[in-house]
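So you can see what is in the structure, the chains are spelled out below.
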Amino acid sequence: KYFNKGLVPGSVVALKGSTLKKYCADEGRRVRCNRNFIRSWEKFTVADAGNGKIALKGGKKGRYCSVKRNKMRCSSRKIGEAEKFTIEELKDGRIALKYGKTGKFCSDRAMGIKCSKSQAGGQETFIPVLQGPAPRKPHKQPIECAWLKGPHKRGAQEPLCSNGVFSWKCREGGHGQRVQCPKSHPDMCEEKSCGGNKSPDHCCEPKGGCAKKGGLRQCPKGASSTGALRTWDIEMEKKPTRKQAMDFLKKTIGNTNHKLKETKSGDGIEEIKTQGGVKVHRIWSYKVEKKSKYYFVVITRTRWSKVMWKEQRGNEQVFHFEWSGSKPPCNRDQRRMLDKLMGKLKSGRQVIVKTNDAEEHKQQGGQEYVREYKTEVHKEMAQGGNGQIVWKIDTVVMPWTKIKKGIKVAKYKVQKATSCPWEQGPHKANAQEPLCEKGVFSWECTEGGHGPRVQCPAQKPYMCEEQTCGGGNDHCCEKKEELCRKGLRQCDKDTTTTTTPVVPDCGRLGGESFAKAEPKKKCEGGSKINLNQANKADCERKCEALKKVGCCTHSGMFDQCTFYENGKIQASSVAFDKAIMCRA
């Protein structure tokens, strides 16, 4: 959008020069028009300078632009005569910028804008591009008056500061004001005469000790003592590791009787409790930010909310789950939620799985019925503001409907395909092998007894019609479509297969997986079979391919895989050793 009535005070604009047809940028010591993009340095805030004149505030440091020795630069902290400009409107939304002190026009030069021309020519024209209104000062979040709840329950003998640190010198130590007193001095007083002479803070006194110190501290007008989202900032000189940040998070949570569980995203803790027979939770999460030369661990806590609840929409049931991770739930997470829900509802009925959706079948009075489960993921803003995102998983359970007789229903968690998965492109699992019909990733699908290939990996995404690969019995996977001699594999509508991927670390043998196995474990006894070097996922596959009962061990230090037929798990002194039991 172009201005046709000059630059309006209170707006943010970008100026496009006429020489190179590029945007002007505030570079501190000069303003130069050589940018192909609009970012913060290319935005100028228009201010009212009085008497029909304006001032321009640069985007680099937020300082006003002035003219010194005919060169424009944005370095002034306030508006004086040198910071005032007059706008002359030209044709086609163009303007000319005249320096208010000398009346000279400003030109777009290669080394920066200069205001030295008596008349407006080609170089003295600019196109203002509207970017929006001037940013307002951020609205302060409501203060949570934690001192009204009494002393903190963290076990520390010092007051709790606003950034989560315990200290008697909260303000003087740079930790913000006191928000809760310790149990030994539970009352917080209105008077600020404690915690150091330089930055005195509210006093903490024994029970009844605030009578001579202005009484108990009151909650400021407009503050909220309930529920809103809270944050703590912890300052550090060096960038903290994930373990250090999690330790800060756990220390901020303190001692609690509620159940604590690490979130799936690994950057937070879910706190769970039962209230009035309903399970509720709140999420504690952290992120590391760098401000100036210091690092800050910013800890955020959401308000209490329901973990799962349901509602009735006409003849449909809708189950709402609140996801605790900072990232959206993946397909496997959604399947786990759906399995958990259907485990309560299916009552022994048979189920057909369709990726994140499902069908449930039952027989009643000689008639077969079916109902669908449809899962959707969407994000919402958490209550309390601060831009916190909460992911919601909604599962809609459709009503029972009659279907024709004779339809064969697969067992629970095995899918009868309604389409050919290879037509959907490569699988999305983090495996370099094709996906077999039985959910195993292997280049020897048919030969290894895992059923035919159903999806190729990302590096070889095209499945061919010819069956000359994988031991000569399976469809080939190629990098390019033209490498398929008989063309791409066609869809046989009568085929039955599975498209529910099983990731390599899921314990496909009915036993454990290395991903969930405890460290410092090894195998002993039985017949030893050396399977050479392999990562954990490949080691699981190699042990599975043996189709024997025993113990599979993996040494993380050397990536060594070994199978002990009829062996057992024993303790190990090496932290990198893991072992799992395999059941053929």
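Here, residues in each chain are numbered from 1, in the same order as that chain's written sequence. The predicted nature of this model means local features are confined to residues of pLDDT at least 70 and side-chain atom pairs, given and counted, to a pLDDT of 80 or more, with totals for whole chains, interfaces and linings taken over all residues. Values reported for side chains reflect all heavy atoms of the structure, with hydrogen atoms and water molecules removed beforehand.

> An account of the overall build of the protein chain is requested, with residue identities and associated values reported.
Helix and strand definitions here come from DSSP, where helices need a minimum of 4 consecutive H or I residues and strands a minimum of 2 consecutive E residues; each element is numbered from the N-terminal end. When helices and strands are counted, the protein chain shows three helices and 39 strands. For the protein chain, the residues scored as buried account for 42% of the 584 residues in total. The criterion used for residue contact is that any of the two residues' heavy atoms lie within 4.5 Å. Taking the contacts inside the protein chain whose residues are at least 6 apart along the sequence as the reference set, 50% of them involve residues at least 24 apart. Exposure was quantified through the Shrake-Rupley algorithm and a 1.4 Å probe, taking into account, for residues, occlusion by the shown protein chains and nothing else. Put simply, the protein chain shows about 32900 Å² of open surface, and 47% of that area lies on carbon and sulfur atoms. Each residue is placed in one exposure class: buried if its accessible area under a 1.4 Å probe, protein chains only, is under 20% of its type's maximum, exposed if it is over 50%, and partly exposed if it falls in between.

> How would you sum up the confidence of the model for the protein chain? Please name residues and give values.
pLDDT measures how confident the predictor is about each residue, on a scale from 0 to 100. Model confidence for the protein chain is summarised by a mean pLDDT of 78, while 79% of its residues fall at 70 or above. Confidence drops under a pLDDT of 50 for residues 1–5, and excluding neighbours within four residues, the segment shows 14 contacts in the predicted structure. Note that pLDDT drops below 50 for residues 405–418; the model gives that stretch 36 contacts with residues more than four away or on any other chain.

> Can you tell me about the state of the cysteines, naming the residues and giving the values?
The definition used for a disulfide is geometric: two cysteine sulfur atoms within 2.5 Å. Scanning the entire structure with this criterion turns up 14 disulfides. Each disulfide pairs two cysteine sulfurs, and for Cys464 the partner residue is Cys484, the sulfurs being separated by 1.9 Å. Because the torsion about its S-S bond is -60°, the bridge between Cys464 and Cys484 counts as left-handed. Of this pair, Cys464 sits in the loop between β32 (462–463) and β33 (477–478) while Cys484 is found in the loop between β33 and β34 (521–524), placing the two residues 20 residues apart along the sequence. The burial state of Cys464 is the same as that of Cys484; both residues are buried. Shown here is the disulfide that connects Cys539 with Cys561, its sulfur atoms set 2.1 Å apart. Measuring handedness by torsion sign, the sulfur bridge of Cys539 and Cys561 sits at about 80° and is right-handed. A residue pair is termed long-range when its members are at least 10 positions apart, and Cys539 in helix α3 (residues 536–546) and Cys561 in strand β37 (residues 560–565) qualify at 22 residues.

> Can you tell me about the sheet that holds strand β39 (residues 577–582), naming the residues and giving the values?
Paired strands are those between which DSSP finds at least two bridges. Strand order in the open sheet formed by four strands is β35-β37-β36-β39, with antiparallel pairing between adjacent strands. Two strands bound the open sheet, and with one partner strand each, they are β35 (527–533) and β39. When the angles between neighbouring strand axes are averaged without regard to direction, this sheet yields 20°. In this sheet, β37 lies alongside strand β36 (residues 550–555) in antiparallel orientation, the contact comprising six bridges. Looking across to β37, one finds that Ser555 is bridged to Gln560. Think of each axis as a best-fit line through the C-alpha atoms, taken over the contacting stretch in the case of a helix, with angles from 0 to 180 degrees between the N-to-C directions.

> Could you give me a rundown of a nonpolar patch on the surface, with the residues and numbers involved?
A contiguous nonpolar patch, built from Met557, Phe558, Val574 and Phe576 and spanning about 410 Å² of accessible area, is present on the exposed surface. Its location among the elements puts Met557 in the loop between β36 and β37. Classification of Met557 by relative accessible area gives partly exposed; the value is 48%. Any residue with relative accessible area above 30% and no salt bridge may belong to a patch, with like charges joined within 9 Å and the nonpolar Val, Leu, Ile, Met, Phe, Trp and Tyr side chains within 5 Å. Each salt bridge in this description consists of a side-chain nitrogen of Lys or Arg and a carboxyl oxygen of Asp or Glu lying within 4 Å of one another.

> Just give me the short version of the nonpolar core, but keep the residues and values in it.
If you look at the biggest cluster of nonpolar residues, it comprises 22 residues, and the most contacted ones within it are Leu56, Met72, Phe85 and Ile113. Looking at this core, the elements that each hand over two or more residues are β1 (11–16), β3 (31–35), β4 (44–50), β5 (53–57), β6 (64–68), β7 (71–76), β9 (95–99) and β11 (112–117). No other element matches β9, which puts three residues into this core. Sequence-distant contacts of Leu56, defined by excluding residues within four places in its chain, comprise Leu7, Leu15, Phe44, Thr45, Val46, Arg63, Tyr64, Cys65 and Leu97. Nonpolar cores are built from buried Ala, Val, Leu, Ile, Met, Phe, Trp, Tyr and Cys residues. Side-chain atoms within 4.5 Å join them into one set.

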